[in-house]
Amino acid sequence: MLTADGYIVTNNHVVENASRVTVNYYNGLQARAEVIGADPDSGVVDRDQRVFGYENLLVCDGAAVPANPGVNPSLTITALAEHAMAAIPPRG
């Protein structure tokens, strides 16, 4: 399943021992993927940038980027921060 925000959801056992993950699209394109932690043993934050084991603690800066995005990472960092904020319900 591919979400609108670019996440591919799969079972941990599919990727847990992988040294490299490649996404193959129907149109023939391929993209290298990075695994975001499934649990505290495999990462620091979950897919919504929430730190495992801490309530209401999110990492919304470059430390949450799972790999080097290449040139200026500001748009990637902004997108991850917006994604994390979208998971927080409004007050009231």
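As the structure is a computational prediction, the values presented were derived from the model and not from experiment.

1. With respect to the pattern of salt bridges
Opposite charge on two side chains makes pairing possible when the charged atoms of those side chains draw close.
Here is step 1 of the chain: Tallied over the full model, the rule gives 2 salt bridges.
Here is step 2 of the chain: Where Arg50 meets Asp46, a salt bridge forms, and the shortest distance between an N and an O atom there is 2.7 Å.
Here is step 3 of the chain: Classification of Arg50 as partly exposed rests on a relative accessible area of 42%.
Here is step 4 of the chain: With a closest N to O distance of 3.6 Å, Asp48 and Arg50 form a salt bridge.
Here is step 5 of the chain: Residues joined in a network through salt bridges with shared partners are Asp46, Asp48 and Arg50.

2. With respect to unusual backbone geometry
Here is step 1 of the chain: For Gln49, which is not a glycine, the phi torsion comes out positive at approximately 65°.
Here is step 2 of the chain: Residue class for Gln49 comes out buried when judged on its relative accessible area of 2%.
Here is step 3 of the chain: Its identity is not glycine, yet Asn56 carries a phi of approximately 65°, on the positive side.
Here is step 4 of the chain: Considering the arrangement of structural elements, one finds Asn56 in the loop between strand E2 (30-33) and helix H2 (74-86).

3. A look at the confidence of the model for the protein chain
Here is step 1 of the chain: Per-chain confidence: the protein chain averages 79 in pLDDT, with 82% of residues scoring 70 or above.
Here is step 2 of the chain: Confidence, expressed as mean pLDDT per element, reaches its minimum in the protein chain at helix H1 (residues 12-15) with 69 and its maximum at H2 with 86.

4. Some remarks on H2
Along an α-helix, residues three or four positions apart point the same way, because every turn accommodates 3.6 residues.
Here is step 1 of the chain: Look at H2: 18 Å from first C-alpha to last across 13 residues, which is about the 18 Å you get at 1.5 Å a residue.
Here is step 2 of the chain: Inspection of H2 places Leu80, Ala81, His83 and Ala84 among the buried residues, and these make up the whole buried set. Summarising the axial view, the buried residues of H2 lie within an arc of 160°, below the 170-degree limit, and thus occupy one face. Facing away from the buried side of H2, by more than 90 degrees, are the exposed residues Leu75, Glu82 and Ala86.

5. Examining the environment of Val15
Here is step 1 of the chain: Inspection of the secondary structure assignment puts Val15 in helix H1.
Here is step 2 of the chain: For Val15, a relative accessible area of 14% gives the class buried.

6. Notes on the pairing of E2
Each regular strand displays side chains that alternate between the two surfaces of the sheet.
Here is step 1 of the chain: Two elements, strand E1 (residues 21-24) and E2, share 4 bridges in a ladder whose sense is antiparallel. Following the sheet pairing, Val21 is matched in E2 by Ala33.
Here is step 2 of the chain: Counted along the chain from E1 to the antiparallel partner E2, the turn is 5 residues long, and its residue Gly28 has a positive phi close to 95°.

Parameters at a glance
- Residues numbered from 1 in each chain as written.
- Predicted model: local features only at pLDDT ≥ 70, side-chain atom pairs only at ≥ 80, totals over all residues.
- Heavy atoms only, no water.
- Salt bridge = Lys/Arg side-chain N within 4 Å of Asp/Glu carboxyl O.
- Buried < 20%, exposed > 50% of the residue type's maximum accessible area, 1.4 Å probe, protein only.
- Helix = DSSP H or I, 4+ residues; strand = E, 2+ residues; numbered from the N terminus.
- pLDDT = per-residue confidence, 0-100.
- Expected span 1.5 Å × (residues − 1).
- Arc of directions from axis to C-beta.
- Pairing = 2+ DSSP bridges.

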